[in-house]
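Okay, here's what each chain looks like letter by letter:
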Amino acid sequence: VSPCNTHSGPASGIHCVDFKMKTIEVDGIKVRIQIWDTAGQERYQTITKQYYRRAQGIFLVYDISSERSYQHIMKWVSDVDEYAPEGVQKILIGNKADEEQKRQVGREQGQQLAREYGMDFYETSACTNVNIKESFTRLTELVLQAHRKELDGLRTRASNELALAELEEEEGKPEGSVNSSKTCWC
Ligand SMILES: Nc1nc2c(ncn2[C@@H]2O[C@H](COP(=O)(O)OP(=O)(O)OP(=O)(O)O)[C@@H](O)[C@H]2O)c(=O)[nH]1
């Protein structure tokens, strides 16, 4: 019996987007993350695609007990490429790893697909809590790394501009200083 059978998840078909905030620690830094869980069903696509635009990191999730869900990943990737910002970080997830007896998608298939798209890959179980923390931490790390570059670029630009402004201020000063005028005529 799957441990998931004992709990009832959100009623499918009622919510098309679920939202949660969580604080996790990455490299000793506390990071507050917003998690948007968008529905997979086709009929919600118009709404859910709107959420891609502001995403910094995306999990593409299939179910290891469903070959069909694995085949769908290619479509998700092309949607993400179309609607998510450039530079969005992506991780491939094969969920329901606790359902080994129902497995239809091999771990190597997941690894292979992830390699093709240049993504990290985890097999997870939301029921037995396998690789959940690890995958969230990794995605957060990737997002931070991607934005650290941006931040470093901003810092460099700001310090260059500051140095230039100081130089201009220095050059703009009238010939002779306060001290030299004193030595001349007083
Ligand atoms: N065995 C097992 N069942 C899971 C796991 N994760 C989710 N489920 C079950 O799978 C079903 C669907 O879960 P949801 O969280 O609604 O899946 P979803 O992909 O968000 O579904 P949509 O939002 O409708 O696209 C529920 O019955 C969950 O209990 C898992 O890791 N293992």
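So, here is what we can say about the structure in this document. What you see is a predicted model, and the numbers here were worked out from it, not measured in a lab.

**Some words on the overall build of the protein**
A tally of regular secondary structure across the protein gives 5 helices and 5 strands. For the protein, the sequential pattern of α-helices and β-strands runs β-β-α-β-α-β-α-β-α-α. Taken over 186 residues, the protein has a buried fraction of 18%. For the protein, the share of sequence-separated contacts (at least 6 apart) that also reach a separation of at least 24 residues comes to 65%.

**Notes on unusual backbone geometry**
Note on backbone geometry: most residues besides glycine have negative phi, and most peptide bonds are trans. For Lys 96, which is not glycine, the phi dihedral falls at a positive 70 degrees. You can see Lys 96 is positioned in the loop between β4 (89–95) and α3 (107–117). Of note, Asn 131 is a non-glycine position whose phi angle comes to about 60 degrees, a positive value. By the element assignment, Asn 131 lies in the loop between β5 (120–123) and α4 (132–172). Here Asn 131 falls in the partly exposed class, since 18 other C-beta atoms lie within 10 Å of it.

**Focus on the pairing of strand β2 (residues 29–38)**
Counted residue by residue, β2 has 0 buried out of 10 residues, so it is predominantly exposed. Sheet topology places strand β1 (residues 17–26) next to β2; 10 bridges connect them, and they run antiparallel. Across the sheet, residue Lys 20 finds its bridge partner in β2, namely Ile 35. Connecting β1 to the antiparallel partner β2 that follows it, the hairpin turn spans 2 residues, and Asp 27 within it adopts a positive phi of roughly 50 degrees.

**Quick look at the sheet that holds β5**
With respect to topology, 3 strands assemble into an open sheet ordered β3-β4-β5, the strand pairing being parallel. The sheet is open, and its two borders are formed by β3 (57–63) and β5, each paired with just one other strand. On average, adjacent strands in this sheet sit at an angle of 25 degrees to one another, irrespective of strand direction. Summarising the sheet, β4 and β5 pair through 4 bridges and their orientation is parallel. Opposite Ile 91, over in β5, you have Asp 120 as the bridge partner. The sheet strands contacting helix α2 (residues 67–83) are β3 and β4, and the helix crosses β3 at an angle near 160 degrees. Docked against the sheet, α3 engages β4 and β5, running at close to 160 degrees with respect to β5.

**Section: the nonpolar core**
In terms of nonpolar packing, the biggest core is built from 15 residues, with Leu 60, Tyr 62, Ile 73, Leu 92 and Ile 93 touching the most fellow members. For this core, the secondary structure elements donating two or more residues are β3, α2, β4 and α3. The leading source of residues in this core is β3, at 4 residues. Ile 93 has contacts with Phe 59, Leu 60, Val 61, Tyr 122, Thr 124 and Ser 135, leaving out every residue within four places of it along the chain.

**What about the pairing of β4?**
Across the 7 residues of β4, 6 count as buried, placing the element largely inside the fold. Looking at chain direction, β3 and β4 are connected through 7 bridges and run parallel. Bridging from a neighbouring strand, Leu 60 pairs with Leu 92 of β4. Handedness of the β-α-β unit built from β3, α2 and β4 comes out right-handed.

Here is what the cut-offs are and how they apply
The residue numbering used here restarts from 1 in each chain and proceeds along that chain's sequence as written. Since the coordinates come from a predicted model, pLDDT governs what is reported: local features require at least 70, and pairs of side-chain atoms require 80 or more to be given and counted, while whole-chain, interface and lining totals use all residues. By definition, any uninterrupted DSSP run of H or I lasting at least four residues is a helix, any uninterrupted run of E lasting at least two residues is a strand, and each is numbered from the N terminus. Partly exposed residues are those falling between the two cut-offs: more than 12 but fewer than 20 other C-beta atoms within 10 Å of their own, whereas 20 or more means buried and 12 or fewer means exposed, with C-beta atoms placed from the backbone. Residues are treated as contacting if the C-beta atoms built from their backbones sit within 7 Å of each other. Two strands pair if DSSP finds at least two bridges between them. Only C-alpha atoms enter the line fits that serve as axes; for helices the fit covers just the stretch in contact. Angles between N-to-C directions range over 0 to 180 degrees. Throughout this description, the term nonpolar core refers to a group of buried Ala, Val, Leu, Ile, Met, Phe, Trp, Tyr and Cys residues whose C-beta atoms join them within 7 Å. Throughout, right-handed denotes a crossover for which the path from the first strand over the helix to the second runs clockwise when the strands point away from the viewer.

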